[in-house]
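# Coordinate analysis (summary)
These are the residues of each chain, in order.
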Amino acid sequence: MAHLALTGLRILDMTQVAVGPYATLLLGFMGAEVIKVESCARMDLSRGSARPRPGGEGLYPGGEPGERPWNRAGYYVHRNGNKRSLTLDVTTARGKELCLRLVALCDVLIENYRASVMERLGLGYDVVSQVNPRLIYVKISSQGATGPEKEYASLGSTLEQTAGLASITGYADGKPLMTNETYPDPVVGLLAVGAVMAGLRQRRKTGKGTCIDLAQREVTAMLLGEALVDYAYTGRVAQPLGNRHPLCVPQGVYPCQGEDMWLAIAVGSDAEWQGLCQAIGQPTLAHDPRFATFLARHQHQEALDSILTAWTQTQEHYQAMHLLQAHGVPAGAVLTGGETLVDPHLVARGFWDVVDHPEVGTYRQVTTPWHLSRSARQATQPAPALGEHNQYVLGELLGLSHAEMAALEAQGIIGTRPVGAPPP
Amino acid sequence: MADSDGVLDDIRVLDLSQEVAGPFCTKLLAGLGAEVIKVEPPGSGDVSRRLGPFVGTVPDAEQSALFLYLNTGKQSITLDLHSPTGTAIVQRLLPACDVLVESDAPGTLERLGLGYADLARRYPGLIYVSITPFGQTGPYSHYKGSELIVQALGALMHTIGLPDREPLKVGGYAALYTTGISAFAALMLALHVRDSTGYGQHVDVSAMETITVAQIHASIQHQFGRRPGRRPSTLVRAQDGWIHPGLERGVRDDTWSRVCVMMGRPELATDPKFATPEARREHQAELIPLLEAWTSTRPKEELYHALQQLHSVAGYVATVADLFTSPQFMARNFFHELTHPSAGTALYPGAAFTMHGAAWQHARAPLLGEHNAAIYGGRLGYTPEELAQLRGIGVI
C-alpha cells in the first residue's frame, strides 16, 4: 500500500514569491502539513495587488481579477497548492508571541526573506531554537546568511547573472542572455526539499534541530561546475555556445511547419547520423564525404544545418520527433507551455493534476518530477484563500477562543482581506 | 558539539549512473557523508571522462573537468555489468548497500537481472533510483534524450533567446544538473521513509518532468491567457561586460530618483516615461540607451554595488572568472582546494548548503578503478590472483 512520505511532518512556511513556495509546494505533495504565514499588511507578493490596475501585469483566470484578486493570481495559485493559509502580523507583539507558539508545534521552519529580516523580527534561529530545540530552520537567501552582500536584493533573473549562468547562455555571438523567466528559483526550491530531509535526518541522529543556510547564488553557480573547475585549472573562461555541443553534430533547433514551431536534434554518434539520413529519406547523405564522419560533419555544420532545415520546414514538429526517434535519433519538439499541458507523455504519466479551485475554476497543475513507488504524492489541494485556515491554526492547534480570534481580527493581526482592498 | 561526518555517514551508495544527472545526485550524497561506490565500465569509464573540457593539453580520462567536478568524494571501481561475472559481483556488493542509483535506458538493468523487482525481493530496504530523460513509463520512455532535447520538450527553450532568432538553450548542462537535484531530493524523501518504516522503494526521476517543473511559469501563463515569447535582452552594457540595473521590480520609491542623480541626469527622475517601475518596463527600449550612456564607461561590479546600495535589484553578468574573485563567494569560502593525482591542485565549488553540526565533506574525484583493490580485495575478499584473473578477462 502506498502512503504519504511526510505524513505527520508540520512545516511553518514563512516563504514568499517563488523559491521557498516551490519547496513547500513539493513537500506538501509528499504529505507534509504546510502552514503558510502571511499578514494582511504584507501578503505574499505573488498574490499581486489588493487593487490590481486594469490591464496590468497580474495574471488572472479569464483576465478577470474578480472580487478577491489576491486569491486568484496565477503565480500565487500555481505555487501554493497543498498549503494552509494563516494571516498573522508578526511585527506586533501578540502576533510574534503566537508565531513562537506555533514554532513549538512545528518540525520545520522555512523562510526566504532577506538575510536579516527574521532576526529583526525577533524570530531568528537563536530565538526559535530556544522555543523548539528540535526545529529544523531552513534559511534560503539570495547570497547566504553571511558575507558582504548578504543584504543584497535579488530576483531569479538577478541570480542568473551573478551566479554566472547568463555568461554561458547566449547565441554564438558571445552576448550573454537571461532565460526571460527565473530558472534559479525552482532549481533552488528542488534542492531545498533535499536540504529539509537532510535536516530531519540530522535530527533523527542527534535528537537536536539544526539550521541550514542555503544561498541561491551558490546553488545556481553549481550548475556551471565543469566550467568553474576548467577555469580553476586552465584559466579558460567559458562562453555561450548557442545550441551547439562540442561532441554532437548536427545539434540545434530547426524550424518546422507553423508559426514559431521548432524541432531540436542532437546527434551524438555515427549510428545516430545514419539513422537521421534514413529518417529524412536521404540515405546517400550518410556517405557524403562532407558528413560521413564526425570531424567532417563538424567542419560542414552550416551546410548540414541548411539540409536539415530544408527538411524540417516541411514537417510538423511532433511527427518529425516521433519519426527521428523511431530511427534512434535524439530529437524533441520545442514545446510551448501550452503544449506541455496536453503532451501525451506527461499526461500518460499522470504528471498534471486537474485542480478545481473554488475561486479560480479548473486548471492544470505542475506536480512532482519524481515518482516514488511506495510513497505516492497526494492530489493537489487548491491554493488556500488568504487566511483560510486561521481558525484551524489558531483555534484548533493553538486553542484560541472565538473571542480571542475576534480581538485579533479587530486589531488587524489576522484577517482574510489585505490592507488596501476595497470593502467587500 | 563537534561536527559529525555528515548526515549520511551510515549510508552506502552503489552508483551505476553515468554522465551528468546521476553523478551530480551522488556527488551531493557524498558531500553529506555517504560512501559512494561508483561503478565504471572497464577501459573507458564514465562517459563524462570523454566529454571534457580537459584541463590538460590532451584529452585524458583523468583530466575531464566535467568528471572531476561531478565525482568528488566517490570511490571508483571498474566492472563490466554486461557480463554474467560482472553482474554476479554486483550481487555480492549489494547486501552492504542502502541505495542504488542508475541512469540506463529503462529495461537495461532488468535484462541483466538487476532490475528493481528482482532486487527488491532480496533487499526490501534498498532504495533504487532510476534517472532517465523521460522516466520509466509512458510513450517516450524509450526515446533518446540529451541536455538539448529535454530543454526543448520541457518548454524551457521556447521563450529563451531573441524574438527574431531560434529558441535558445540555457548554457552548459543546466537541465541535467537540475535533474540530479530532483533525484537528490527524491532520494532523500525515500530515505526518510526508510528511516521511519524500514522499507525501500523505486524512485523514478524524469528529466523532462524536472524541466517542466522548473518552467512552471510557462504552464501558468498559457492557462491564464498570456503567450510568453522570446524578448529583447534587457542587459545593459558596462565597460567590461554586462549588468542589469534592476529598476523594474522590487525597488523603493526613491530608488529611481537617486539613480538619476548618480547618473548626473536628475531631470529624468520626473519624466513620466520612467517614473514608476511599470513605466520603466514599458519604455525599456528607450531607457536602455540612456542608462548605457552612464554605465558603459564604468566597471560592472562597481555598478552592481552602487545600484544595490540604492535598493535596486541590480545584477552583473559574472563570468566564471569573476566568481573566483567575488567578495561574497570569498567571504563564504565557497571554493575549496582539492588535489587530484593526475589533474593537480585547484579550487572547486563547494557545499550546496551548510548545516550546523554536520560539515560538508570535500574530497577529490577518483582515478578510474582506483578502489578496485580496496573494494574487491578488502571488502569482498577476492585474492590478488582472482583480481588478476578478473582483470585479464576484462571484467574489471
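Right above here is the structure, for reference.
Only a predicted model underlies this, so the values are computations on that prediction, with no experimental measurement involved. (Residues numbered from 1 in each chain as written. Chains lettered and ligands numbered in written order. Predicted model: local features only at pLDDT ≥ 70, side-chain atom pairs only at ≥ 80, totals over all residues. Heavy atoms only, no water.)

### Points about the overall build of chain A
Quick note on the threshold: The secondary structure listing takes helices from DSSP runs of H or I that are at least 4 residues long and strands from runs of E that are at least 2 residues long, numbered from the N terminus. Each residue is assigned to one of three classes by its accessible area relative to the maximum for its type, calculated with a 1.4 Å probe on protein chains only: buried under 20%, partly exposed between the two thresholds, exposed over 50%. Contacts are assigned to residue pairs with any non-hydrogen atoms lying within 4.5 Å of each other. Surface accessibility in these figures is a Shrake-Rupley result with a 1.4 Å probe; residues are shielded only by whichever protein chains are displayed.
Looking only at helices and strands, chain A features 17 helices and 12 strands. Projecting the C-alpha coordinates of chain A onto the three principal axes gives extents of approximately 85 × 50 × 50 Å. The buried share of chain A, reckoned over its 424 residues, is 62%. Across chain A, contacts joining residues at least 24 apart in sequence account for 68% of those joining residues at least 6 apart. Summed over its atoms, the accessible surface of chain A is roughly 14900 Å², and 54% of this surface lies on carbon and sulfur atoms.

### Quick word on the nonpolar core
Most often, soluble globular proteins have nonpolar side chains that are buried together. As a reminder of what qualifies: We define a nonpolar core as any set of buried Ala, Val, Leu, Ile, Met, Phe, Trp, Tyr and Cys residues linked to one another through side-chain atoms lying within 4.5 Å.
Counting residues in each nonpolar core, the largest one holds 141 residues, and the members touching the most others are A:Trp370, B:Val129, B:Trp256 and B:Phe353. The leading source of residues in this core is helix H8 (residues 174-197) of chain B, at 15 residues. Among all residues touching A:Trp370, those that are not within four sequence positions of it are A:Leu26, A:Met30, A:Leu190, A:Val193, B:Ser182, B:Ala185, B:Ala186, B:Leu189, B:Asp204 and B:Val205.

### A short note on the sheet that holds strand E12 (residues 354-355) of chain B
Rules: Note: two strands are recorded as paired if DSSP finds a minimum of 2 bridges between them. Geometry is summarised by axes, namely lines fitted to C-alpha atoms with helices restricted to the contacting stretch, and by angles between N-to-C directions that run from 0 to 180 degrees.
The seven strands lie next to each other as E3(A)-E2(A)-E1(A)-E4(A)-E5(A)-E6(A)-E12(B), forming an open sheet whose pairing is mixed. The sheet terminates laterally at strand E3 (84-87) of chain A together with E12 of chain B, the two strands that pair on one side only. Note: strand E5 (residues 136-141) of chain A against strand E6 (residues 210-215) of chain A, six bridges, orientation parallel. Bridge pairing in E6(A) links A:Ile136 to A:Thr210. Its contacts with the sheet place helix H7 (residues 184-206) of chain A against strand E4 (108-111), E5 and E6 of chain A together with E12 of chain B, and it is angled at close to 160 degrees to E6(A). Sitting on the sheet, helix H16 (residues 390-397) of chain A is in contact with strand E1 (10-14), strand E2 (33-38) and E3 of chain A, with an inclination near 75 degrees to E3(A).

### With respect to the side chain of A:Arg217
Residue position: A:Arg217 is located in helix H8 (residues 216-222). In this structure, A:Arg217 is in contact with A:Ser142, A:Gln143, A:Glu149, A:Leu159, A:Thr162, A:Ala163, B:Tyr304, B:Tyr316, B:Leu323, B:Ser326, B:Gln328 and B:Phe329, ignoring residues within four places of it in sequence.

### A closer look at the side chain of A:Asp44
Residues and elements named next belong to chain A. Here is the rule we go by: Any pair of N or O atoms that falls within 3.5 Å is considered a polar contact. Within protein, one atom must be able to donate a hydrogen and the other to accept it, and sequence-neighbouring residues count only if both atoms are side-chain atoms.
Its place among the elements puts Asp44 in the loop between E2 and helix H2 (74-79). At 2.8 Å, the side chain of Asp44 and the side chain of Lys36 are in polar contact. Among the polar contacts made by the side chain of Asp44, one reaches the main-chain amide nitrogen of Ser46 at a distance of 2.9 Å. Each residue touching Asp44, except ones within four places of it in the same chain, is listed here: Gln16, Val17, Pro21, Lys36, Glu38, Tyr76 and Asn80.

### What about the state of the cysteines?
A covalent bond bridging the sulfur atoms of two cysteines is what the word disulfide describes. Residues and elements named next belong to chain A. The test is simple: A pair of sulfur atoms, both from cysteines and within 2.5 Å, is called a disulfide here.
Within the structure shown, the criterion is met by zero disulfides over all chains. In this structure Cys106 is a free cysteine whose sulfur lies 8.7 Å from that of Cys99, the closest cysteine sulfur available. For Cys106, a relative accessible area of 4% gives the class buried.

### Focus: the pattern of salt bridges
When the charged atoms of two side chains with opposite charge come close together, those side chains can pair. Threshold: By definition here, a salt bridge exists when the distance from a side-chain nitrogen of Lys or Arg to a carboxyl oxygen of Asp or Glu is within 4 Å.
What the rule picks out here adds up to 43 salt bridges over all chains. One salt bridge connects A:Arg244 with A:Asp305, and the closest N-O pair in it is separated by 3.1 Å. Taken together, the residues A:Arg244 in the loop between helix H9 (225-234) and strand E7 (251-255) and A:Asp305 in helix H12 (residues 301-312) connect sequence positions 61 residues apart. With a relative accessible area of 24%, A:Arg244 lands in the partly exposed category. On the accessibility criterion, A:Asp305 (16% relative accessible area) is buried. Ionic pairing is found between B:Arg121 and B:Asp118, a salt bridge with its closest N-O pair at 2.9 Å.

### Here we look at the interface of chain A and chain B
Quick reminder of the rule: Values labelled buried area give the accessible surface lost by two parts on being combined, using a 1.4 Å probe and summing over both. When residue character is reported, Ala, Val, Leu, Ile, Met, Phe, Trp, Tyr, Cys and Pro are called nonpolar, Asp, Glu, Lys and Arg charged, and the others, Gly included, polar.
Listed as interface residues are 144 residues of chain A and, on the opposing side, 155 residues of chain B. Together chain A and chain B conceal approximately 12800 Å² of surface at their shared face, both sides included; 63% is due to carbon and sulfur atoms. It is A:Tyr171, A:Met222 and A:Tyr233 that lose the most area in chain A upon contact with chain B, and together they represent 7% of the buried surface on that side. Taken together, chain A and chain B are joined by 12 salt bridges. B:Arg332 is the partner of A:Glu218 in a salt bridge, and the nearest nitrogen-oxygen pair spans 2.6 Å. Where chain A touches chain B, the interface holds 70 residue pairs in polar contact (both at pLDDT 80 or more). In terms of residue class, the side of chain A that touches chain B is made up of 74 nonpolar, 45 polar and 25 charged.

### Examining the pairing of strand E3 (residues 74-78) of chain B
On any regular strand, side chains alternate: one points to one face of the sheet, the next to the other face. All names here are of chain B. Of all five residues in E3, five are buried; the element is thus mostly enclosed. Burial of the side chains of E3 extends over both faces: Lys74, Ser76 and Thr78 are buried on one face and Gln75 and Ile77 on the other. In this sheet, E3 lies alongside strand E2 (residues 35-40) in parallel orientation, the contact comprising five bridges. Residue pairing for E3: Glu40 is matched across the bridge by Thr78.

### Topic: the sheet that holds strand E7 (residues 236-238) of chain B
Residues and elements named next belong to chain B. An order of E7-E8-E9 is seen for the three strands of this open sheet, with the pairing classed as antiparallel. A strand with exactly one partner marks an edge of an open sheet, and here the two such strands are E7 and strand E9 (315-316). Pairing between strand E8 (residues 241-244) and E9: two bridges, direction antiparallel. Of the residues in E9, the one forming a bridge with His244 is Gly315. On the sheet, helix H13 (residues 284-295) packs against E7 and E8 and is oriented at approximately 10 degrees with respect to E7. Its contacts with the sheet put helix H14 (residues 300-309) on E7, E8 and E9, and the angle it makes with E8 is roughly 10 degrees.

### Remarks on the packing of H16(A) against helix H17 (residues 402-410) of chain A
Residues and elements named next belong to chain A. Condition: Convention used here: angles under 35 degrees read as roughly parallel, angles over 145 as roughly antiparallel, angles from 65 to 115 as roughly perpendicular, and any remaining angle as oblique. For a crossing to be left-handed, the near helix must be turned anticlockwise from the far one by less than a right angle; the clockwise case is right-handed.
Following both chains from N to C, one finds H16 and H17 inclined at 135 degrees, their axes separated by 10 Å at the closest point. By the criterion of interaxial angle, the relationship of H16 to H17 is oblique. When you trace H16 past H17, the crossing you get is right-handed. For the pair H16 and H17, the contacting residues are Asn390, Gln391, Leu394 and Gly395 in the first and His402, Met405 and Leu408 in the second. Of the residues belonging to the contact of H16 with H17, the class tally is three nonpolar, four polar and no charged.

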